[in-house]
Amino acid sequence: MTAHAIEADAVSTLAADFAGELVTPDDDEYEQARRVWNGMINERPALVAYCTGVADVRTAVGFARERDLPVTVRGGGHGVAGNAVEDGGLVVDLSAMDEVRVDPEERTVRVGGGAQWADVDRETQQFGLAVPGGVVSDTGVAGLTLGGGLGHLRRKYGASCDSLRSADVVTADGEFVVASEDRNPDLFWALRGGGGNFGVVTSFEFDCYPVGPEVETAFVWYPGEAARDVLASFREYAVDAPREVSALPFYAWVPEIPEFPAESWGGPAVAVLGCYAGDSEEGTDALRPVRELADPIVDLSGRMPYVELQSMLDEDYPHGRYYYWKSVYLDELTDEVVDKVLAHADDCPSALTTIDLWQLGGALAEVGEGATAFSNRDAAYLLNYEANWDDPRETEVNVRWARESVEDVRELDAVRGQYVNFPGMGEDAAEVAYGDSYDRLGAVNAEYDPENVFRGHQDVVSDE
Ligand SMILES: Cc1cc2nc3c(=O)[nH]c(=O)nc-3n(C[C@H](O)[C@H](O)[C@H](O)COP(=O)(O)OP(=O)(O)OC[C@H]3O[C@@H](n4cnc5c(N)ncnc54)[C@H](O)[C@@H]3O)c2cc1C
């Protein structure tokens, strides 16, 4: 299938029944339209369909199916593996469907399938409310939620998918179905962590919680030579940390910006980014130990608007840079894990890279394993190798470094699974990413997408 496989006549016929914009390789907008956030991804779809609503989504999916075109779905375009676009395929782009409507009395919010977290935070914060999202504001609500969703509120209010009340879905045969605890509950179970394997989610309905408008945060950077002590002390702190605290220690290299002393620039460091989802005075006390793990290079902690925290990391992840992110879950942060992480950091080829240790537990672990497709709920940490680099000639060495680091750490007993939203390029078996949910996801796929039109974050194959 080439990028020019769709005849112009067919596109004109489609356009008559389609309210949004259609972009083919012949259009000036095509170069922009075929791109996603990760500069590594260089696919040439045959058609990008910018949908304005359910009608467009049904029309686009039907058109693709009549012609046997691969269908991909683009929510926020931040899928690290780039599955939102495919050579010769039809992209169901939802970016125009970004409406957000809060019901402050019911404490719920209705969110379009192409919204970003910034859209949701902006509206919900008008009422002092928030949905647990991710930590970068231009990430898509859809992909993040369908894969689980971990952010600054995770230990207090759970994963994004745990706040999902219902979803509107267009299935492969063009049916419109609502999924909730009461309606199509098997589909509802699968959407919460099972990736985009079952249809196009055109709208999400979430519960919201009182958060902000200001929150207490910790953001403190320690020298790399203190990393072992910092991580050992953090581990002790984490055992009894209140669930309001969600913290994320990460290994990094000091950015060359004025907030850091010039003599530290470019040197190795271990930083801890944390948030307290509750009363700010209590948060100051609860986060103090995180700020006293060693002598810091710099301590940027403080109280800030929740929306500012949510967008604080945005500039570190520009569109078009090269990215490869791959994760494992940890039962505990053992000395062996720390030894390996520090050795991998020593070998790391890019100073833009980070090695992240997401503290888990709290509300995440209180939802029963198997209650949603999102699994590994009892893990203590998520370890993510976030390889980031600018020069395409360094792609091979960076990808190899991240892959080999993951393979190496997988030898340890404390290590298992993978987070669907940090899947490398999706090269591992889907069983690794979906864990114990894999078989049941196959059964749901057989019911809602028997011809496997949607291949999601990572493909789940029908068991029939
Ligand atoms: C800068 C950055 C920061 C991140 N931070 C976090 C974080 O803090 N926490 C976290 O948990 N994850 C995080 N992630 C990972 C993120 O959750 C995934 O990359 C997620 O898939 C992005 O969703 P998207 O809608 O933007 O991506 P897209 O590329 O649009 O979608 C990814 C996949 O989701 C499916 N999909 C998307 N929209 C729909 C839809 N409406 N209906 C059906 N299927 C759909 C498709 O299969 C698509 O291939 C981050 C990623 C990036 C790039």
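Everything numeric in this text was worked out from a predicted model, so none of it was measured.

Enquirer: Whenever I open this one, unusual backbone geometry confuses me. Can you help?
Expert: Note: most peptide bonds trans; most residues except glycine with negative phi. A cis amide bond, omega 10°, links Gly212 with the succeeding residue Pro213. Mapped onto the elements of the fold, Pro213 is located in the loop between β11 (209–210) and β12 (214–223). With a phi angle near 60°, Asp68 is a residue other than glycine that sits in the positive phi range. Residue placement: Asp68 occurs in the loop between α3 (54–66) and β3 (71–74). We classify Asp68 as exposed; its relative accessible area is 66%. Located in the positive-phi region is Arg107, a residue other than glycine, with phi close to 55°.

Enquirer: Before we go on, may I ask you to explain the site of the ligand in this structure?
Expert: In the vicinity of the ligand there are 36 residues, among which Gly75, Gly77, His78, Leu150 and Tyr419 approach most closely. A distance of 2.8 Å is found between an oxygen atom of the ligand and a backbone nitrogen or oxygen belonging to Val135. Here Gly140 contributes a backbone N or O atom positioned 2.9 Å from an oxygen atom of the ligand. When isolated, the ligand has an accessible area of 950 Å², and the protein chains bury 98% of it. Only β3, α5 (141–146) and β10 (200–207) provide two or more residues apiece to the shell around the ligand. Taken together, the residues that form the shell around the ligand break down as 18 nonpolar, 17 polar and 1 charged.

Enquirer: Honestly, helix α8 (residues 227–240) in this entry has me stumped. Any pointers?
Expert: Since the α-helix turns once every 3.6 residues, residues separated by three or four places project in the same direction. Between the first and last C-alpha of α8 there are 21 Å, a value that for 14 residues agrees with the 20 Å anticipated at 1.5 Å per step. When α8 is considered as a whole, its buried residues turn out to be Ala227, Val230, Leu231, Phe234, Tyr237 and Ala238. All buried residues of α8 project into a common sector of 125° when viewed along the axis, lining one side. Exposed side chains of α8 directed beyond 90 degrees from the buried face belong to Asp229, Glu236, Val239 and Asp240.

Enquirer: I would appreciate a short explanation of the environment of Gly62 in the present structure.
Expert: Along the chain, the position of Gly62 falls in helix α3. When its relative accessible area of 28% is taken as the criterion, Gly62 is described as partly exposed. A C-alpha to C-alpha distance of 53 Å links Gly62 and Asp240, two positions 178 residues apart in sequence.

Enquirer: Mind showing me how you'd approach the domain arrangement of the protein here?
Expert: How large an interface is tends to be reported as the accessible area lost when its parts come together. Partitioning the protein into domains gives domain 1 (8–93), domain 2 (100–210 + 437–448) and domain 3 (214–416). In this structure, domain 2 and domain 3 have C-alpha centres spaced 25 Å apart. Taken together, the contacts link 32 residues of domain 2 with 36 residues of domain 3. Taken together, the two surfaces of domain 2 and domain 3 that pack against each other cover about 2,800 Å², and 55% of this comes from carbon and sulfur. On the domain 2 side of the contact with domain 3, His152, Arg154 and Arg155 bury the most area, a combined 33% of that side's loss. At the surface where domain 2 touches domain 3, the tally comes to 2 salt bridges. In this structure, Arg377 and Asp162 form a salt bridge, with 2.6 Å as the shortest nitrogen-oxygen distance. Elements with a contribution of two residues or more to the side of domain 2 that touches domain 3: α4 (117–124), α6 (154–157), α7 (185–191) and α15 (438–448). No other element matches α6, which puts 4 residues into the side of domain 2 that touches domain 3. Grouping the constituent residues of the side of domain 2 that touches domain 3 by class yields 12 nonpolar, 11 polar and 9 charged.

Enquirer: How should I be thinking about a negative patch on the surface in this particular structure?
Expert: A cluster of acidic side chains, namely Glu369, Glu431, Asp436 and Asp439, defines a negative patch on the protein surface. With respect to the secondary-structure elements, Glu369 resides in the loop between α12 (363–366) and β19 (381–389).

Enquirer: How do you make sense of the pairing of strand β8 (residues 164–170) when you look at a structure like this?
Expert: If a strand is regular, its side chains alternate between the two faces of the sheet. Where burial is concerned, most of β8 is hidden: 6 out of the 7 residues are buried. Where β8 lies against strand β9 (residues 176–180), 5 bridges are found, and the strand directions are antiparallel. For Val170, the partnering residue across the bridge sits in β9 and is Phe176. Connecting β8 to the next strand, β9, in antiparallel fashion are 5 residues, including Gly174 with a positive phi near 85°.

Enquirer: In this structure, what is going on with the pattern of salt bridges? I would like to understand it.
Expert: If charged atoms from side chains of opposite charge come close, those side chains can pair. Across all of its chains, the model carries 30 salt bridges by this definition. Note that Glu66 and Arg67 form a salt bridge whose closest N and O atoms lie 3.3 Å from each other. Judged by its relative accessible area of 29%, Arg67 falls in the partly exposed class. Taking the shortest distance from any N to any O, the salt bridge between Glu396 and Arg400 comes out at 3.3 Å. Taken together, the positions of Glu396 and Arg400, both in helix α13 (residues 395–409) and 4 residues apart, correspond to about one turn of that helix. Linked by salt bridges that have partners in common, Lys326, Arg403, Glu407, Arg410, Glu427 and Asp428 make up one network.

Enquirer: Which parts of the structure should I look at to understand the pairing of strand β2 (residues 47–50)?
Expert: On β2, burial covers both faces: Leu47 and Ala49 on one face and Val48 and Tyr50 on the other are all buried. Where strand β1 (residues 22–23) lies against β2, 2 bridges are found, and the strand directions are antiparallel. Paired with Val23 across the strands is Val48, a residue of β2. Sheet topology places β2 next to strand β4 (residues 90–93); 4 bridges connect them, and they run parallel. Of the residues in β4, the one forming a bridge with Leu47 is Leu90.

Enquirer: What exactly am I supposed to notice about the nonpolar core here?
Expert: Formed by 48 residues in total, the largest nonpolar core has its most connected members in Phe234, Val272, Leu330, Val337, Ile355, Leu383 and Tyr385. Once you skip the residues sitting within four places of it in the chain, Phe234 turns out to touch Ala247, Pro249, Val272, Val290, Leu293, Gln359 and Tyr381. Membership of the second largest hydrophobic core comes to 38 residues, among which are Ala142, Leu191, Val201 and Phe204.

About the cut-offs
Residues numbered from 1 in each chain as written. Predicted model: local features only at pLDDT ≥ 70, side-chain atom pairs only at ≥ 80, totals over all residues. Heavy atoms only, no water. Helix = DSSP H or I, 4+ residues; strand = E, 2+ residues; numbered from the N terminus. Buried < 20%, exposed > 50% of the residue type's maximum accessible area, 1.4 Å probe, protein only. Near = heavy atom within 4 Å. Polar contact = N/O pair within 3.5 Å; in protein donor to acceptor, adjacent residues only side chain to side chain. Areas by Shrake-Rupley, 256 points an atom, 1.4 Å probe, with all protein chains shown as cover. Nonpolar A, V, L, I, M, F, W, Y, C, P; charged D, E, K, R; others polar. Expected span 1.5 Å × (residues − 1). Arc of directions from axis to C-beta. Domains from an automatic or database assignment. Contact = heavy atoms within 4.5 Å. Buried area = accessible area lost by both parts, 1.4 Å probe. Salt bridge = Lys/Arg side-chain N within 4 Å of Asp/Glu carboxyl O. Patch = residues over 30% accessible without salt bridge, like charges linked within 9 Å, V, L, I, M, F, W, Y side chains within 5 Å. Lys, Arg positive; Asp, Glu negative; His and termini not counted. Charge placed at Lys NZ, Arg CZ, Asp CG, Glu CD. Pairing = 2+ DSSP bridges. Core = buried A, V, L, I, M, F, W, Y, C linked by side-chain atoms within 4.5 Å.

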